[in-house]
Structures are given as structure tokens and as C-alpha cells.
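# Observations on the model geometry
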Amino acid sequence: MKRFRSIYLICISLILLIPGGCYMSQYQKAGKTKISGVEYRELQAFSPGFEKALYKSDLSVNGHEFSGLMMIKAFGNGYYKVAFFSELGLNFFDFELQPSADGNKMELQANNIYSQLDRKIILNCMEKYFSMLLSPGSGETVSETYLKKDGSRIMTMLRSYKGRDAYLGRNLIEPYSEIVNIGGLRGKDRVTIALSAKKTNNSPESILIEQPGLRLRFSLELVEKF
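Residues numbered from 1 in each chain as written. Predicted model: local features only at pLDDT ≥ 70, side-chain atom pairs only at ≥ 80, totals over all residues. Heavy atoms only, no water.

### Brief notes about the overall build of the protein chain
Selection criterion: Strands here are runs of E lasting at least two residues and helices are runs of H or I lasting at least four, both read from the DSSP assignment and numbered beginning at the N terminus. Accessibility here uses a 1.4 Å probe with only protein chains present; expressed as a share of the type maximum, an area under 20% marks a residue as buried, one over 50% as exposed, and anything in between as partly exposed. The contact rule is simple, with two residues in contact once any of their heavy atoms fall within 4.5 Å. For the area figures, the Shrake-Rupley method with a 1.4 Å probe applies, and any residue is considered shielded solely by the protein chains shown.
Across its full length, the protein chain carries three helices and 15 strands. The proportion of buried residues among the 226 residues of the protein chain is 45%. Counted over contacts in the protein chain with a minimum sequence separation of 6, partners at least 24 positions apart contribute 48%. Carbon and sulfur atoms make up 53% of the accessible area of the protein chain, which amounts to about 12600 Å² in all.

Written out as C-alpha cells, the structure reads:
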């Protein structure tokens with residue numbers, strides 16, 4: 001029993017010594033905030049007035065590459081359609097997303113999906129990415145805020161149906177520059193979405209989604225005219 005306890009304590013000590021594991025270690029608590037209505041929506045990736053956007057897109061999943069165009073279209077009442085297709089017309093996926101009763105979750109329905117992408121883990125990940133980008137987020141709740149120790153960014157944190165979602169920006173009045181999903185015992189970042197500061201037609205000009213644990217990278221560059 002003593003030997004088992006010693007091995008256990010050594011393992012715990014080694015885990016605690018691994019550097020850079022905790023995302024939250026970069027931040028200190030700043031207080032609480034509640035931002036709602038149009039004021040809050042202006043901070044989101046796709047702000048009020050958004051109708052549709054076309055992106056030149058590159059998706060890499062565990063060594064498999066998919067390139068083409070992705071259309072995001074809003075239909076009102078928080079309902080969206082997302083389609084990703086090659087420039088030769090091959091449909092990689094065709095999704096519908098709608099709000100759920102589960103706070104900041106967007107329920108995803110796959111109308112069509114390419115066989116190599118038709119995996120439950122990938123569909124669950126896509127549901128999470130688009131929930132982070134399109135859901136109402138923290139607009140209806142009081143959220144914890146944190147300030148990065150170097151003063152460069154402020155983070156609004158809320159509980160999510162998967163871990164916690166952090167919305168980051170230079171302040172509380174400019175659009176978010178990054179959305180991070182944090183989970184696990186050590187608070188590691190699992191999904192990172194980087195957003196360009198510049199928008200066209202209420203859409204970020206570039207979006208980069210990365211999930212290292214899945215070896216996934218999804219980059220999108222806005223096509224201004226279509």
C-alpha cells in the first residue's frame with residue numbers, strides 16, 4: 001500500500017512540473033460582467049446584420065486535406081446553414097445549425113457529408129466549432145472576466161456544454177479576436193479559434209480553427225464578392 005501511494009505521489013508531482021499546461025495561469029481574475037442585446041452581439045464573430053459569407057477554405061484532419069469554398073448563411077431566429085464544397089462541385093458537408101436549450105450550444109444536423117469526414121468525432125467537433133462561432137455565447141448571463149497578466153487582453157469566461165469557452169479581446173467594446181475552449185483537470189486549451197480584427201459585411205475576414213489533439217486545422221479567408 002505504501003509503495004502504491006509513493007508511486008502515485010511521484011506521478012502527481014511530475015504532472016504538476018510539466019510547464020505550460022494551464023491556460024488560465026496566464027490570467028488573473030478581474031471581476032464579473034453582463035453584456036446583452038445588440039451591444040453584446042457587436043462583439044461576436046458574426047455581428048448583427050450578418051446574412052451570408054463565402055470563404056476560401058482549407059481543412060486538414062489527421063493528415064487528410066480538403067480544399068474549396070464554404071458558405072455560411074443566416075436564416076433568422078438563430079438558424080444557420082453551412083456548406084463546404086470543392087471548386088469542382090464535390091460536397092464535403094452540408095450542415096444545418098439551430099440553437100438548443102443547452103445555453104451556448106448549436107445543434108448540428110448533417111444533411112450531407114463526404115464519407116472520409118463522416119465520423120462521429122468529427123461531427124461533434126464541427127458542432128462545437130460552429131457553436132463557438134455562432135451561438136449567443138454569454139450575452140444572457142453574468143460572466144467571469146479575467147485580465148492577462150501582461151495587460152494585453154481581457155477574457156470573458158462562461159461554462160459550456162463542453163468545458164468552458166473563453167472569449168478574448170483587447171477590451172470589452174471591440175470584437176473578439178479569439179475564442180478558446182478550455183477543459184481537463186489542468187485547464188488546457190482544447191480548441192482555439194483566431195478571428196481577424198477586420199470585418200466585411202459583419203463577417204470576420206479570416207478565421208483559423210485549430211484542435212491539436214485531433215490534428216485538425218481549418219482556415220477560412222473571406223471571398224468579398226460572390
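### Describing the nonpolar core
Short version of the rule: As used in this record, nonpolar core signifies buried Ala, Val, Leu, Ile, Met, Phe, Trp, Tyr and Cys residues forming a set joined through side-chain atoms within 4.5 Å.
Grouped together as the largest cluster of nonpolar side chains are 45 residues, with contacts concentrated most on Phe93, Met126, Leu133 and Phe218. Counting residues per element, this core draws most heavily on helix α3 (residues 120-134), which supplies nine residues. If near-sequence neighbours (up to four positions away) are discounted, Met126 is found in contact with Leu59, Phe93, Phe95, Leu108 and Phe218. If you look at the next biggest cluster of nonpolar residues, it comprises seven residues, including Tyr146, Met155, Val180 and Ile182.

### Some words on the pattern of salt bridges
Heads up, the condition is: Should a side-chain nitrogen of Lys or Arg be within 4 Å of a carboxyl oxygen of Asp or Glu, the pair is scored as a salt bridge.
The final tally for this structure, using the stated rule, is five salt bridges. With a shortest N-O distance of 2.8 Å, Glu174 and Arg170 are connected by a salt bridge. Between Arg217 and Glu210 there is a salt bridge whose closest N-O contact spans 3.7 Å. We classify Arg217 as partly exposed; its relative accessible area is 41%. Its relative accessible area of 31% is what places Glu210 among the partly exposed residues.

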